[in-house]
Amino acid sequence: MELESWLISATARSLAFATPLLLAALGEIVAERAGVVNLGVEGMMVLGALTGFVAAQLGGDPTLGVLAAGLTGGLAALVHAFLAITLRANQYVSGLALTIFGLGLSGVVGRAWQGQPLRNPFRALDVPPLAELPVLGPALFQGQHLMTYAAILAALLLWVLLFKTRLGLSVRSVGESPAAADALGVGVYGLRYGCVVFGGVMAGVAGSYLSLAYRPSWSEGMSAGMGWIALAIAIFAAWNPLKALWGAFLFGACFHLAFRLQGVLPAEFLRLLPYVATIVALTLASLGRSRARRGAPAALGTPYTRGER
Amino acid sequence: MKRYRLEPRPAPPPGLVLAVSCGAVVAALVVTGFIFLGFGHNPITAYAQLFAATLGDLRGVSEVLRKTVPLLLCGVGLVLAFRLQFWNIGAEGQILAGAAGAAGVALFVPGLGPATLPAMFAAGFVAGAAWGFLPAILKARLGVSEIITTLMMNYIAFYLVQYLILGPWRGQEARGFAYTDRFPPEAALPLLPGTRLPWPTLVVAVALVLFVAFLLSRTRLGFEVRVIGQSAHAARYAGMGFTRVTLLVMGLSAGAAGLAGVGEVAGVHLRLLDPAQISLGYGYTAIIVALLARGHPLATLLTATFLGLVFAMGDTMRVVLGLPFQMTGVISGLVLFFIIAAEPVLRYRLRRAPAAPLQAPEAATPEPAKEVARGARELAD
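Bear in mind that the values here come from a model prediction, so they are computed numbers and not experimental data.

Visitor: Looking at this model, I keep getting lost on the overall build of chain A. Mind explaining?
Guide: Within chain A, the regular secondary structure consists of 14 helices and zero strands. Put simply, chain A runs from its N terminus to its C terminus through helices and strands in the order α-α-α-α-α-α-α-α-α-α-α-α-α-α. Here the C-alpha atoms of chain A give a radius of gyration of 19 Å, agreeing with the 19 Å that 2.2 N^0.38 yields for 309 residues. By residue count, 57% of the 309 residues in chain A fall in the buried class. The contacts of chain A with a sequence gap of at least 6 include a subset with a gap of at least 24, amounting to 79%.

Printed below as a string of structure tokens:
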């Protein structure tokens, strides 16, 4: 009984930890499927967390916060898209710059908001009929935030979109072979821009989950490396939204475990657990080279110029 | 109607590189000026105050140099790694590992006397190198993305140092504070008279720059680094030991960052303390030092000093303008954006097109695709 209730609460909490990871990872998967790496996830996430908090605090409505965070993430990603797609700059450096800039700017601007409690945070909710189920109810359908279900739904929708629709085929072809896609009349630049900006919106929304639902307040650097873990999940999941669902849950469980074992082991020692897990996961994903390479879009990280090849 | 076309420029002249880099830096400072404005400061007086405080007297200059040293040590190591196309983003963690290694010697290996400092430098180098070893071996053997693994190692180092100072290494004298005991006197680096600048690390850093420059241009290992960096494929074909070179380069690169950590604890703080106070983001900023230097070790002398200036200004910004230290991150990010945005200026030159262009419709736009594409492929490779 004790074990069962522990498992139930662990599942529920892991799901909460997994939500921002999943949202950000899904966005990155879409961008990378279109062939553009964005290492700015951490920066976009922390900017989203700040603007989400500020908008919700001023407007009095957390939904406003989510919108503002998505907009911020999208705008930040637009800068990256311009550098990476139009100027054909080094995508790795551009993304890194975005992260350094985002962490810096949020620290500067956010100082005035540091430590304030959010007046009107997202309320956790129970899903009416399902919450009554014996074990699954408390594990999955009680006390979660709407954004958690939205994230899971997004994973399913994106999987359908990427693998079952014409648009998804276009996106993937742009990431695999932009020249061939272009020859077939697919708008390479437009699709890449769209996917990168979508990735930014998702990262921003992921950040807003942190400051509006998970811990309704703003503190500097509150993304705590989650953006980087989201990047790792994209690789680990072989750029597949459904597998990202499991990947995010796994890392969410890691964060939860680190939280739960406090008192048993020193807290600082446990807080490095998710980062160790990231390295382990990436290593596992790479063992058996073919498996790791299978999902990687062939044109990932390379700029495209019309008329080439 | 004038027609222009872009031609790839194989080797941009050094003067142009310098001009474009300076232009990027100035552009970043202009944008930062608008942020000053947003906080109610006149950008011109703000910059005047910042420059006066950092370059106006010996104390200011020595503070700039104090910030330059870790950036130089990490930066030149990153130049070496980047030449190998190894994206070491982990200097931050390697600094912390080096600091912990040096602190371990200073606190727990008594009786070394005058050998204490050399032992600390050795321990710091080894600890830093060890921190870079795992990502290097994972990259060389399994192709695991070094960008993410080196970064994860930063977080791991951060929390491990926190664990040390709160747990097993917590000082007897440190009531309520999280840091170790103060180092014994023989573990403290001597300072340049009248300043707070520990001069031995400056000497070590400059010597390392010269060593790396020599290594890259005059030795077999340097040759292998250059070949692998150009084309890992060709290097493998030529039978070069990819794993061996990666490990050696990462050992040196991460070890150099470890030395920066030694300098910070032995020259500045004299104890192991909160990781956020040991490295103020030097490891990340060193990436800019290396990128601005464009693969030339000697150029880091210039670029590290510039970013050292930005860091010293960060201190002044807090005191004089009341802006948080994170402004250095904003400036760093902006500098990076503008550097890579200016890259096309270096890669291509604008030429008046010949009278009769071959592809009429495309040549009408000032950007014939072929040339750009060839350059883009070079960039990507």
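Structure shown, so let's carry the discussion forward.
Visitor: How should I be thinking about the overall build of chain B in this particular structure?
Guide: Helices and strands together make up the secondary structure of chain B, namely 16 helices and two strands. Principal-axis analysis of the C-alpha atoms gives chain B an extent of 80 × 60 × 30 Å. Per-residue burial over chain B gives 55% buried out of 381 residues. Entry remark: accessible area of chain B is about 16,000 Å², with carbon and sulfur atoms responsible for 66%.

Visitor: Mind showing me how you'd approach the interface of chain B and chain A here?
Guide: The figure often quoted for interface size is the accessible area lost as the parts come together. If you look at the interface, chain B gives 50 residues, while chain A gives 51 residues. For the pairing of chain B and chain A, the buried interface totals around 4,400 Å² over both sides, and the portion due to carbon and sulfur atoms is 78%. For the pair chain B and chain A, the number of links is zero salt bridges. In this assembly, chain B and chain A are joined by four residue pairs in polar contact (both at pLDDT 80 or more). At the level of secondary structure, the elements contributing two or more residues to the side of chain B that touches chain A comprise α5 (116–142), α6 (146–166), α12 (282–293), α14 (327–347) and α16 (369–380) of chain B. The biggest single contributor to the side of chain B that touches chain A is α6 of chain B, with 13 residues.

Visitor: Just to check I follow, could you spell out the packing of aromatic side chains for this structure?
Guide: Note on aromatic pairs: each is described by the distance of the centres and the angle between the planes. All names here are of chain B. Across all of its chains, the model carries 18 aromatic pairs over all chains by this definition. Aromatic side chains F82 and W87 sit 4.9 Å apart centroid to centroid with 40° between the ring planes, which places their arrangement in the tilted category. Assigned by exposure class, F82 and W87 land together as buried. Centre to centre, the rings of F158 and Y159 are 5.4 Å apart; their planes meet at 85°, and the pair counts as edge-to-face.

Visitor: Help me understand the pattern of salt bridges, please; the structure alone is not making it clear to me.
Guide: Two side chains with opposite charge may pair up if their charged atoms get near one another. Residue and element names in this part refer to chain B. Under the counting rule described, the total for this entry stands at nine salt bridges over all chains. Of the charged contacts in the structure, one is a salt bridge between R220 and E224, with a shortest N-O distance of 3.3 Å. Residue R220 and its partner E224 are located together in helix α8 (residues 220–230), separated by four residues, close to a single helical turn. Residue E224 is classed as buried on the basis of its relative accessible area of 2%. Note that R347 and E343 form a salt bridge whose closest N and O atoms lie 3.5 Å from each other. Linking R347 with E343, this pair stays in helix α14, spanning four residues, or about one helical turn. Salt bridges sharing partners connect three or more residues here, namely E63, R66 and R196.

Visitor: Sorry, what's going on with the UniProt feature "transmembrane region" (unreviewed entry) in chain B here?
Guide: Residue and element names in this part refer to chain B. Mapped onto this numbering, the UniProt entry gives "transmembrane region" (unreviewed entry) at residues 16–39, 64–83, 119–138, 147–166, 197–216, 237–263, 298–314 and 320–342. A helix fraction of 90% and a strand fraction of 0% characterise residues 197–216, whose end C-alpha atoms lie 29 Å from each other. Span residues 320–342 is 78% helix and 0% strand, its end C-alpha atoms 32 Å apart.

Visitor: Which parts of the structure should I look at to understand the nonpolar core?
Guide: One recurring pattern in soluble globular proteins is that nonpolar side chains are buried together. With 205 residues, the main nonpolar core has W228 of chain A together with F36, M120, L272 and M317 of chain B as its most contacted residues. The residues contacting M120 of chain B, other than those within four sequence positions of it, are A102, V105, A106, F183, A187, V262 and A266 of chain B.

Visitor: Can you help me understand a nonpolar patch on the surface in this one?
Guide: All names here are of chain A. There is a patch of nonpolar side chains on the surface, built from L3, W6, L7 and L257 and spanning about 370 Å² of accessible area. Sorting elements by how many residues they give to the nonpolar patch places helix α1 (residues 2–33) first, with three residues. With respect to the element layout, W6 can be found in helix α1.

Visitor: Honestly, unusual backbone geometry in this entry has me stumped. Any pointers?
Guide: Leaving glycine out, the prevailing phi sign among residues is negative, and the prevailing peptide bond configuration is trans. All names here are of chain A. Of note, the phi angle at W239 is positive, near 55°, even though the residue is not glycine. Checked against the element boundaries, W239 lands in the loop between α10 (226–236) and α11 (241–260). Judged by relative accessible area, W239 falls into the buried class, the value being 5%.

Visitor: Help me understand the side chain of R66 of chain B in this model?
Guide: Examined against the element boundaries, R66 of chain B turns out to sit in helix α3 (residues 58–83). In this structure, R66 of chain B is in contact with R196, L197, P198 and V268 of chain B, ignoring residues within four places of it in sequence.

Visitor: Explain the side chain of R88 of chain A to me, please; I cannot follow it from the model alone.
Guide: Residues and elements named next belong to chain A. One can find R88 in the loop between α3 (62–86) and α4 (91–109). Among the residues examined, R88 registers a relative accessible area of 8% and is labelled buried. Here T86 takes part through its backbone oxygen, which lies 3.1 Å from a polar atom of the side chain of R88.

Visitor: Would you explain the packing of α3 of chain A against α4 of chain A in this entry?
Guide: Axis angle and axis distance: for two packed helices, these are the angle between their axes and the distance between the axes, and together they describe the pair. Residues and elements named next belong to chain A. Where α3 meets α4, the axes come as close as 9 Å, and the angle between the chain directions of the two elements is 155°. Between α3 and α4, the angle falls in the class roughly antiparallel. Here the hand of the crossing between α3 and α4 comes out right-handed. Where α3 abuts α4, its residues A76, H80, L83 and A84 lie against Q91, S94, G95 and L98.

Visitor: Could you clarify how one ought to interpret the packing of α4 of chain A against α14 of chain B in this entry?
Guide: Axis separation between α4 of chain A and α14 of chain B bottoms out at 7 Å; the angle between their running directions is 155°. Judged on the interaxial angle alone, α14 of chain B and α4 of chain A are roughly antiparallel. Pair α4 of chain A / α14 of chain B crosses with left-handed handedness. On α14 of chain B, the residues touching V93, S94, A97, L98, I100, F101, G104, L105 and V108 of chain A of α4 of chain A are M327, G329, V330, S332, G333, L334, L336, F337 and I340 of chain B.

Visitor: So what exactly am I meant to see when it comes to helix α6 (residues 146–164) of chain A here?
Guide: Because the α-helix completes a turn every 3.6 residues, residues three or four places apart line up on one side. Residue and element names in this part refer to chain A. Over its 19 residues, α6 runs 26 Å from end to end, which matches the ideal 27 Å to within 8%, given 1.5 Å per residue. Every buried residue belonging to α6 is among M147, T148, Y149, A151, A154, A155, L158 and L162, and all of these are buried. Buried residues along α6 sit against α1, α3, α5 (136–141), α7 (166–176), α9 (188–214) and α11.

Visitor: What exactly am I supposed to notice about the environment of P43 of chain B here?
Guide: Along the chain, P43 of chain B turns up in helix α2 (residues 43–55). Setting aside residues up to four positions removed in sequence, P43 of chain B forms contacts with G33, F36 and L37 of chain B.

Visitor: Sorry if this is basic, but what is going on with the environment of L105 of chain A here?
Guide: In this structure, L105 of chain A sits in helix α4. For L105 of chain A, the contacting residues outside a window of four places in its chain are L47 and G110 of chain A together with I35 and V330 of chain B.

What counts, and where the lines are drawn
Residues numbered from 1 in each chain as written. Chains lettered and ligands numbered in written order. Predicted model: local features only at pLDDT ≥ 70, side-chain atom pairs only at ≥ 80, totals over all residues. Heavy atoms only, no water. Helix = DSSP H or I, 4+ residues; strand = E, 2+ residues; numbered from the N terminus. Rg over C-alpha atoms; globule rule 2.2 N^0.38 Å. Buried < 20%, exposed > 50% of the residue type's maximum accessible area, 1.4 Å probe, protein only. Contact = heavy atoms within 4.5 Å. Areas by Shrake-Rupley, 256 points an atom, 1.4 Å probe, with all protein chains shown as cover. Buried area = accessible area lost by both parts, 1.4 Å probe. Salt bridge = Lys/Arg side-chain N within 4 Å of Asp/Glu carboxyl O. Polar contact = N/O pair within 3.5 Å; in protein donor to acceptor, adjacent residues only side chain to side chain. Phe/Tyr/Trp six-rings, centres within 6.5 Å; stacked < 30°, edge-to-face > 60°. UniProt positions renumbered as here; feature names shortened; annotations may be inferred. Core = buried A, V, L, I, M, F, W, Y, C linked by side-chain atoms within 4.5 Å. Patch = residues over 30% accessible without salt bridge, like charges linked within 9 Å, V, L, I, M, F, W, Y side chains within 5 Å. Axes fitted to C-alpha atoms, helices over the stretch in contact; angles between N-to-C directions. Parallel < 35°, antiparallel > 145°, perpendicular 65-115°, else oblique. Left-handed = near helix turned anticlockwise from the far one by under 90°. Expected span 1.5 Å × (residues − 1).

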